[in-house]
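Chain and residue survey
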Amino acid sequence: ALPPDLAGRRVVISAGGTREPLDPVRFLGNRSSGRQGYALALVAAARGAAVTLVSANVSLAPPPGVRVVEVTDARALQAAMVEHAAGADAVVMAAAVADFRPVHAGPTKIKKRAGQGPPAIELVENPDILAGLSRPGPDRPRVVVGFAAETGDAHGTPLDYGRDKLARKGCDLLVVNRVDDGRAFEVADNAGVILAADGSAPVEIPFGPKTVLAAAVCDVLAPRLSGPEPP
Ligand code: C5P
């Protein structure tokens, strides 16, 4: 049996990947399957949490006992997160949010017209939902968790970039996935390192099922939510 160490806690998890409309039939999207977010929802619920899963374009069966809120684009994901995360114990942003969206998404299909050439697609930046949820205020969840898929390069390792992102976003925990070897997307297994803003030692999760990574996140989360709420 799983420890009921999240009993009575309200946890809001985003999963999947946003789709930013170009016209009524087309979108800019990404390869996120939603598996990691769904695994988190499954494990958190099994450990007693009341889970709201904000799900963007996922074709998986919802975990039992979990409340699912469906969204499509980044702005709808943000609205749902802000609504459900207000006063929650924890939020986990496992969704892949499009950084940019088309400025114009008209009601009519973009047409291919002879002699006109390809259309230019103008983009505008989407809000950073994680950074917004991390901002101090009366509605801020006690623990805010982000995910980051990172690659290393000549200037730093994936962990260097993860630490930098943790500070920039203002979240409490950041799960860093290495993606430079093609792992993580659309597969059942994942590996990662959980970084903490308070200087606690990083927790390494070896390559394995996404439910195991989810359990490791819950292991770090649960003690941070035990005890009375801070004033
Ligand atoms: O900056 P980057 O996209 O790598 O950060 C990843 C983390 O930030 C994830 O937790 C993702 O859900 C979140 N994010 C967000 N809003 C965005 C972009 C990313 O909440 N516009």
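Residues numbered from 1 in each chain as written. Predicted model: local features only at pLDDT ≥ 70, side-chain atom pairs only at ≥ 80, totals over all residues. Heavy atoms only, no water.

In the nomenclature of an unreviewed UniProt entry, the protein corresponds to Coenzyme A biosynthesis bifunctional protein CoaBC from the organism Nakamurella multipartita.

This paragraph deals with the overall build of the protein. Along its length, the protein carries five helices and 12 strands. Since a compact globule built from 231 residues should have a radius of gyration of about 17 Å, the 18 Å found for the protein is in line with a globular shape. A principal-axis box enclosing the C-alpha atoms of the protein has dimensions of 65 × 40 × 35 Å. Among the 231 residues that make up the protein, the fraction classed as buried is 45%. In the protein, the proportion of contacts linking residues at least 24 apart, taken out of those at least 6 apart, comes to 65%. (Helix = DSSP H or I, 4+ residues; strand = E, 2+ residues; numbered from the N terminus. Rg over C-alpha atoms; globule rule 2.2 N^0.38 Å. Buried < 20%, exposed > 50% of the residue type's maximum accessible area, 1.4 Å probe, protein only. Contact = heavy atoms within 4.5 Å.)

On the surface, Leu28, Phe100, Ile121 and Leu123 cluster together to form a nonpolar patch covering roughly 340 Å² of accessible area. In this fold, Leu28 is placed in strand E3 (residues 26–28). (Patch = residues over 30% accessible without salt bridge, like charges linked within 9 Å, V, L, I, M, F, W, Y side chains within 5 Å. Areas by Shrake-Rupley, 256 points an atom, 1.4 Å probe, with all protein chains shown as cover. Salt bridge = Lys/Arg side-chain N within 4 Å of Asp/Glu carboxyl O.)

Turning next to helix H4 (residues 158–169). Residues spaced three or four apart along an α-helix point in a common direction, a consequence of the helix completing one turn every 3.6 residues. Taking 1.5 Å per residue as the helical rise, H4 with its 12 residues ought to reach 16 Å, and the 16 Å between its terminal C-alpha atoms agrees with that figure. Every buried residue of H4 is listed here: Pro158, Gly162, Lys165, Leu166 and Lys169. Axial view of H4: buried residues confined to an arc of 105°, hence all on one face. In this structure, H4 carries Ala167 and Arg168 as exposed residues pointing more than 90 degrees from its buried face. Where H4 is buried, its residues contact helix H3 (129–134), strand E9 (143–150), strand E10 (173–178) and strand E11 (189–196). One or two steps after H4, the chain reaches Gly170, where phi turns positive at roughly 85°. (Expected span 1.5 Å × (residues − 1). Arc of directions from axis to C-beta.)

With respect to the helices, strands and loops of the structure, Tyr161 is situated in helix H4. Spatially, the C-alpha atom of Tyr161 lies 24 Å from that of Gly29, the residues being 132 residues apart in sequence. Setting aside its immediate chain neighbours within four residues, Tyr161 contacts Glu150, Thr151, Asp153, His155 and Gly156.

Moving on, we come to the UniProt feature "binding site: CTP" (unreviewed entry) in the protein. Residues annotated by UniProt as "binding site: CTP" (unreviewed entry) correspond here to Asp99, Lys109, Pro127, Asp128, Ile129, Leu130, Phe147, Lys165 and Lys169. Maximum C-alpha separation among the annotated residues is 37.8 Å over a sequence range of 71 residues, too wide for a single clustered spot. With respect to the helices and strands, Asp99 occurs in the loop between strand E6 (90–93) and strand E7 (100–102). Asp99 has contacts with Val124, Glu125 and Asn126, leaving out every residue within four places of it along the chain. On the secondary structure map, Lys165 appears in helix H4. With residues near it in sequence (within four places) discarded, Lys165 still touches Ala148, Glu150 and Leu174. (UniProt positions renumbered as here; feature names shortened; annotations may be inferred.)

A few words now on the packing of helix H1 (residues 35–46) against helix H5 (residues 210–225). A pair of packed helices is characterised by two quantities: the angle between their axes and the separation of those axes. In contact at an axis separation of 8 Å, H1 and H5 are set at 55° when each is read in the N-to-C sense. When the interaxial angle is binned, H1 and H5 end up oblique. Between H1 and H5 lies a crossing of right-handed hand. Of the residues in H5, those in contact with Arg35, Gln36, Ala39, Leu40, Leu42, Val43 and Ala44 of H1 are Lys210, Thr211, Leu213, Ala214, Ala215, Val217 and Cys218. Across the contact of H1 with H5, the residue classes break down as 10 nonpolar, two polar and two charged. (Axes fitted to C-alpha atoms, helices over the stretch in contact; angles between N-to-C directions. Parallel < 35°, antiparallel > 145°, perpendicular 65-115°, else oblique. Left-handed = near helix turned anticlockwise from the far one by under 90°. Nonpolar A, V, L, I, M, F, W, Y, C, P; charged D, E, K, R; others polar.)

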